[in-house]
Amino acid sequence: MKIVAVLYSGGEIAKRTPTLLGSAENALGLREFLAGKGHELIVLTDKETELDKHLPSTDIIITTPFWPAYLTKERISHAPNLKLILTAGIGSDHIDLGAAAASKITVAEITGSNVVSVAEQVVMHILALVRNYIPAYNQVLEGRWDIAEIAARAHDLEDKTVGIIGMGRIGQRVCERLKAFNVKMLYYDQFPLRTVEEQVLGARFTSREQLVEQSDVITINTPLTPETDGMFDRNLIFRMKKGAYLVNTARGKIVDTAALVEALEVGHLAGYAGDVWYPQPAPKDHPWRHMPNHAMVPHYSGTTLEAQARYSNGIKDCLSRFLENRPLEQQYLIVDGGKVVSASYSYAFKT
Ligand code: NAI
């Protein structure tokens, strides 16, 4: 089989950091794993021209959300042998799932592999915004000492209302971690939890609109689907409390780019943070790089060294099973047998 992995270039850093498994240089550990098994492994960093050249003869593609190869309907139509697409990480929205299903291609991701990594990052982003950390840090770099300027926008998180949109694996882990801060937690999900689960987590289900109107801080933890694409549009953003904060580590496209900039510029929102953008990598002139009161970083929350080890193992498990004609782990499957089978991605699905 011909296996193509599209990964970011890690350069010299990757060469001296063998645990940076997600880089093209270290190729998820697949060179060693596939050695002697009779398969061809091609590792690419170019996710357009070079990838396009290989499409007609490729059986398996491995991509990652951190350096997403956009597997559009058109690209899939140029890959007649393609049978399996694996996402090294979580979130397969860079793949046209409808086109994959129509071509009977299996799509799988490494469910659970980086949920702790993201949940920790969400808590960090919330604290960075609420405590006004970035401007304070910048003052140090600039050789300044102006307490009033920082303290006038610094708050305690305690007693604030935190709204969690998407109470899946990451959302629940965020909730567990925030409990220690004595906040009030609301959540919204297409599938509400059982009462006993809500009691353990200390979060109450509300409608999306109530959550948005009542929360001081909102964290988004849903996949990007046709339903969540642009969910935080101008209307929803301006329905948020004045002075509230928004944290998005889910996907950039869930939040309307221009409406967010406007809300920060007019001071309706006090801050925005996250690591996800559209497209990725974010162009140099992406408006979110320069909007006021943001704490944005490149997409890395789900790719700590520990997460990389977990999704590398998951990819090897999927490959072993597939190459030996054994079924993939059910929890990893997004598209299988010509349809979307993951509950997280369940939506009115049209091919
Ligand atoms: P999950 O599948 O465990 O949870 C997602 C939750 O969102 C589910 O409870 C689902 O019911 C809910 N949901 C889906 N559509 C919805 C809708 N229209 N309205 C309300 N709720 C909806 O997934 P997990 O592991 O918690 O990951 C969530 C997302 O986080 C991923 O799909 C990915 O986009 C993003 N992610 C980001 C990472 C990063 O590095 N920044 C790393 C890992 C995931």
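Everything here concerns the structure above.
Residues numbered from 1 in each chain as written. Predicted model: local features only at pLDDT ≥ 70, side-chain atom pairs only at ≥ 80, totals over all residues. Heavy atoms only, no water.

### Looking at the overall build of the chain
Move 1: What the chain contains, in helices and strands, is 14 helices and 14 strands.
Move 2: Taking 351 residues into account, the globule formula puts the C-alpha radius of gyration at 20 Å, and the chain, at 21 Å, falls close to it.
Move 3: By principal-axis analysis of the C-alpha atoms, the chain measures approximately 65 × 50 × 35 Å.
Move 4: Looking at the chain residue by residue over its 351 residues, the buried ones come to 51%.
Move 5: Residue pairs at least 24 apart in sequence account for 64% of intrachain contacts in the chain once pairs closer than 6 positions are excluded.
Move 6: Total accessible area on the chain stands at roughly 16,000 Å², and carbon and sulfur atoms take up 53% of it. (Helix = DSSP H or I, 4+ residues; strand = E, 2+ residues; numbered from the N terminus. Rg over C-alpha atoms; globule rule 2.2 N^0.38 Å. Buried < 20%, exposed > 50% of the residue type's maximum accessible area, 1.4 Å probe, protein only. Contact = heavy atoms within 4.5 Å. Areas by Shrake-Rupley, 256 points an atom, 1.4 Å probe, with all protein chains shown as cover.)

### Side note on helix α6 (residues 115–130)
Move 1: Between the first and last C-alpha of α6 there are 23 Å, a value that for 16 residues agrees with the 22 Å anticipated at 1.5 Å per step.
Move 2: α6 sits mainly inside the fold: 12 of its 16 residues count as buried.
Move 3: Those residues of α6 that fall on the buried side of the exposure criterion are Val-115, Ser-117, Val-118, Ala-119, Gln-121, Val-122, Val-123, His-125, Ile-126, Ala-128, Leu-129 and Val-130.
Move 4: Asn-132 lies just past α6 and shows a positive phi near 60 degrees. (Expected span 1.5 Å × (residues − 1).)

### Comments concerning the site of the ligand
Move 1: Not every one of the 28 residues close to the ligand is listed here, only the nearest: Arg-169, Ile-170, Asp-189, Gly-302 and Ser-344.
Move 2: At 3.0 Å, a side-chain N or O of Glu-227 approaches a nitrogen atom of the ligand.
Move 3: Take Asp-275: an N or O atom from its side chain is 3.2 Å from a nitrogen atom of the ligand.
Move 4: Look at the ligand: alone it shows 870 Å² of surface, and the protein chains cover 95% of it.
Move 5: Those elements giving two or more residues to the shell around the ligand turn out to be α6 and α9 (169–178).
Move 6: In terms of residue class, the shell around the ligand is made up of 11 nonpolar, 12 polar and 5 charged.
Move 7: Domain assignment of the residues forming the shell around the ligand places at least three in each of domain 1 (2–113 + 304–345) and domain 2 (115–296). (Near = heavy atom within 4 Å. Polar contact = N/O pair within 3.5 Å; in protein donor to acceptor, adjacent residues only side chain to side chain. Nonpolar A, V, L, I, M, F, W, Y, C, P; charged D, E, K, R; others polar. Domains from an automatic or database assignment.)

### Topic: α9
Because each turn of an α-helix spans 3.6 residues, side chains separated by three or four positions end up pointing in the same direction.
Move 1: All of the buried residues along α9 are Ile-170, Gly-171, Val-174, Cys-175 and Leu-178. Down the axis of α9, the buried side of the element spans an arc of 140 degrees, and every buried residue falls inside it. (Arc of directions from axis to C-beta.)

### Considerations on the side chain of Ser-312
Move 1: Summarising the element assignment, Ser-312 is placed in helix α14 (residues 305–323).
Move 2: We classify Ser-312 as buried; its relative accessible area is 1%.
Move 3: When near neighbours in sequence (up to four residues on either side) are disregarded, Ser-312 contacts Leu-21 and Leu-28.

### Re the sheet that holds strand β13 (residues 333–336)
Move 1: Spatially, 7 strands are ordered β2-β1-β3-β4-β5-β13-β14 in an open sheet, and the strand pairing comes out mixed. The open sheet has two edge strands with one neighbour each: β2 (40–44) and β14 (339–340).
Move 2: Bridging between strand β1 (residues 2–6) and β2 involves 5 bridges; their strand directions are parallel. By the bridge assignment, Val-6 is partnered in β2 with Leu-44. (Pairing = 2+ DSSP bridges.)

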